[in-house]
Amino acid sequence: MQRQAQWKRESEGLVEPPLPSDMLQPWEIWDKDLFDLEMIRVFGRSWVWLGDTEDLQKPGDYITGMIGSQPVLVIKQEDGSVKGFLNNCRHRAAGLAFEPAGFCNKALACPYHAWTYGIDGRLLSIPDMDRMYGPDFPKEEYGLVPIRVKVAFDKLVFGCLSRKAPTFEEWIAPLLPRYEKYKIGTFKRYHRELDEVYPINWKAFVENSNDDYHVRFVHRRLNKVRKQMDTIVRFEGRTTSGYKPHADSFDMSAGRTDLDTQDLRGSYAEFIYPNLTPLPYASQLIMVRVDPIAPDKSRLFSRIYGLSDDIELQNRELDNLALTNKEDTDMVTQLMENLRSPFYRVGPASTWEGRAQHMMRLIRQDVATPLDPDEFDGPVDKD
Ligand code: FES
Ligand SMILES: [Fe+2]
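Being a predicted model, the structure only gives us computed values, none of them experimental. For every chain, the first residue of the written sequence is number 1, and numbering continues from 1 along that sequence. For this description, chains carry letters from A and ligands carry numbers from 1, given in the order in which they are written. Only residues with pLDDT of at least 70 get local features here, since the model is predicted, and only at 80 or more are side-chain atom pairs given and counted; chain-wide, interface and lining totals rely on the full set of residues.

### So, the packing of helix α6 (residues 202-209) against helix α9 (residues 311-338)
Selection rule: Here an angle of 0 to 180 degrees is reported between the N-to-C directions of two axes, which are lines fitted to C-alpha atoms, with helices fitted over the stretch in contact. The helix and strand labels rest on DSSP assignments: H or I over at least four residues marks a helix, E over at least two residues marks a strand, and numbering proceeds from the N terminus. These descriptions rest on fixed angle ranges, namely under 35 degrees for roughly parallel, over 145 for roughly antiparallel, 65 to 115 for roughly perpendicular, and the rest for oblique. Helix crossings get a hand from a simple test, with the near helix turned counterclockwise from the far one by less than a right angle marking a left-handed crossing and a clockwise turn marking a right-handed one. Each residue gets a C-beta atom placed from its backbone, and two residues are in contact if those atoms lie within 7 Å.
In contact at an axis separation of 10 Å, α6 and α9 are set at 130 degrees when each is read in the N-to-C sense. Taken together, α6 and α9 sit at an angle that is classed as oblique. Crossing of α6 against α9: the hand is right-handed. Between α6 and α9, the residues in contact are Ala 204, Phe 205 and Asn 208 and Asp 328, Val 332, Leu 335 and Met 336, respectively.

Here is the structure:
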């Protein structure tokens with residue numbers, strides 16, 4: 001932080017900013033030390049979307065994912081519940097499951113030295129244990145490290161490393177009552193997903209995702225279906241929301257009448273801290289997640305859930321989303337290049353960037369706050 005303040009002081013003066021700005025600053029984009037700290041202080045205590053229950057049907061089914069730079073896995077248990085673990089063998093750092101989704105028959109064997117774990121995380125066996133460690137080795141202390149898991153709306157799987165972070169319900173409290181009404185559990189995953197790596201800092205994507213100001217210009221093709229000038233921006237706690245009413249001729253309600261009129265007559269682009277952009281509609285839920293890889297590298301992973309199993313319709317929707325993602329990532333890639341200059345100072349947030357500013361402040365607040373000494377104490381099954 002001190003180093004950043006010094007850079008800031010030294011490079012000041014070329015661009016004079018008359019108004020203060022809490023938007024993303026150049027030195028927050030390229031700094032590897034800051035990135036590493038974000039992996040601990042932001043991702044170490046956040047709920048992160050990992051996948052869905054379509055991949056977790058029978059005992060031994062698993063999904064893998066990342067919470068910041070920490071690989072994790074979630075496995076379906078014999079009793080129908082799901083458990084989450086770090087996807088790291090307790091011996092060395094080897095991964096235990098490698099596919100995004102898969103099935104392991106009762107046990108996970110590490111590919112390096114073959115320590116073998118049950119699907120409940122217990123360490124079942126170490127090859128030649130007596131010779132390698134002696135008979136007193138405390139095998140029961142070396143089970144997989146558990147994490148908190150929440151299956152939300154009978155469908156979406158979230159994970160959290162911290163034991164102290166609020167419950168998932170508290171985490172998304174401002175959105176929860178409406179999300180409970182969408183019947184997300186009845187939506188099915190579309191037949192393919194979008195998955196690309198971009199030369200973008202993850203926070204630049206967060207900022208863009210929470211910017212309702214650019215939509216009218218960067219996504220012009222949507223201007224005919226939305227009343228852009230009637231945008232409503234909201235932000236509270238760890239969630240944000242940008243609502244745009246649809247043009248009168250454009251109906252996305254799918255014949256549903258069980259949602260509020262506002263929810264049927266418009267669309268929301270929302271955000272769940274730290275890295276998830278959900279776009280819920282009456283008949284569809286778009287999920288876009290940004291996974292940080294390095295200061296100048298992020299993965300964008302998108303899925304659509306919906307009521308239609310018509311493959312052509314699904315392809316049209318997915319192509320549309322790919323185009324929207326491209327319009328955004330092309331723009332942000334260009335910003336990234338220009339923000340390489342430490343002399344530039346960004347301008348103030350407009351009203352329609354209020355939620356982006358809110359998210360930048362939240363990230364900075366987390367980065368400035370060390371994890372609690374007992375961040376990882378306590379049970380994982382309280383959710
Ligand atoms: S790293 Fe897993 S057994 Fe050695
Ligand atoms: Fe956009």
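### Remarks on the domain arrangement of the protein chain
How big an interface is tends to be reported as the loss of accessible area on association of its parts. Going by this rule: Each domain span listed reflects an automatic or database assignment of domains. In this count, Pro and Cys sit with the nonpolar residues alongside Ala, Val, Leu, Ile, Met, Phe, Trp and Tyr, while Asp, Glu, Lys and Arg are called charged and the others, Gly among them, polar.
When its domains are assigned, the protein chain resolves into domain 1 (48-160) and domain 2 (168-367). Between the C-alpha centres of domain 1 and domain 2 there is a distance of 31 Å. The partner domain 2 presents 12 residues to the 13 residues of domain 1 that form the contact. Elements with a contribution of two residues or more to the side of domain 1 that touches domain 2: β1 (48-52), β9 (146-152) and β10 (156-160). The biggest single contributor to the side of domain 1 that touches domain 2 is β1, with 3 residues. Across the side of domain 1 that touches domain 2, the residue classes tally to 7 nonpolar, 1 polar and 5 charged.

### Quick look at the pairing of β10
In summary, the side chains of a regular strand alternate between the two faces of the sheet. Applied cut-off: Think of it as a crowd count around each C-beta: if 20 or more other C-beta atoms lie within 10 Å the residue is buried, if 12 or fewer it is exposed, and in between it is partly exposed, with C-beta placed from the backbone throughout. At least two bridges found by DSSP between two strands are what make those strands a pair.
In terms of burial, β10 is a largely internal element, 5 of the 5 residues being buried. Burial along β10 is two-sided: Leu 156, Phe 158 and Cys 160 and Val 157 and Gly 159, pointing in opposite directions, are all buried. Pairing geometry for β1 and β10, over 4 bridges, is antiparallel. In the sheet register, Val 48 faces β10, and the bridge partner there is Gly 159. As paired strands, β9 and β10 are joined by 5 bridges and run antiparallel to one another. Bridging across to β10, Val 151 finds its partner in Val 157. Between β9 and β10, which pair antiparallel and follow one another directly, the connecting turn spans 3 residues, one of which, Phe 153, has a positive phi of 55 degrees.

### Here we look at unusual backbone geometry
Here the bond from Tyr 273 into Pro 274 is cis, since omega is 5 degrees, no more than 30 degrees from zero. Structurally, the position occupied by Pro 274 is in the loop between β15 (266-272) and β16 (276-280). Unlike most non-glycine residues, Asp 128 shows phi in positive territory, near 55 degrees. Mapped onto the fold, Asp 128 is located in the loop between β8 (123-125) and α3 (129-133). The phi angle at Phe 153 is positive, at roughly 55 degrees, despite the residue not being glycine. Relative to the helices and strands, Phe 153 resides in the loop between β9 and β10. Its 18 C-beta neighbours within 10 Å are what place Phe 153 among the partly exposed residues.

### Quick word on the nonpolar core
Nonpolar side chains in soluble globular proteins generally cluster together in the buried interior. Defined as follows: Nonpolar core, as used here: buried Ala, Val, Leu, Ile, Met, Phe, Trp, Tyr and Cys residues forming one set through C-beta atoms within 7 Å.
Counting 70 residues, the largest nonpolar core has Leu 50, Leu 73, Val 74 and Phe 158 as the members making the most contacts within it. When residues of this core are sorted by domain, at least three fall in each of domain 1 (48-160) and domain 2 (168-367).

### Re the sheet that holds β8
The strand order across the open sheet formed by 3 strands is β6-β7-β8, and the pairing between neighbours is antiparallel. This sheet does not close on itself; its edge strands, each paired only once, are β6 (107-109) and β8. Going from strand to strand, the sheet's axes swing by 35 degrees on average, the running direction of each strand aside. Relative to strand β7 (residues 116-118), β6 is paired through 3 bridges, and the arrangement is antiparallel. Along β7, the bridge assignment pairs Leu 108 with Tyr 117.

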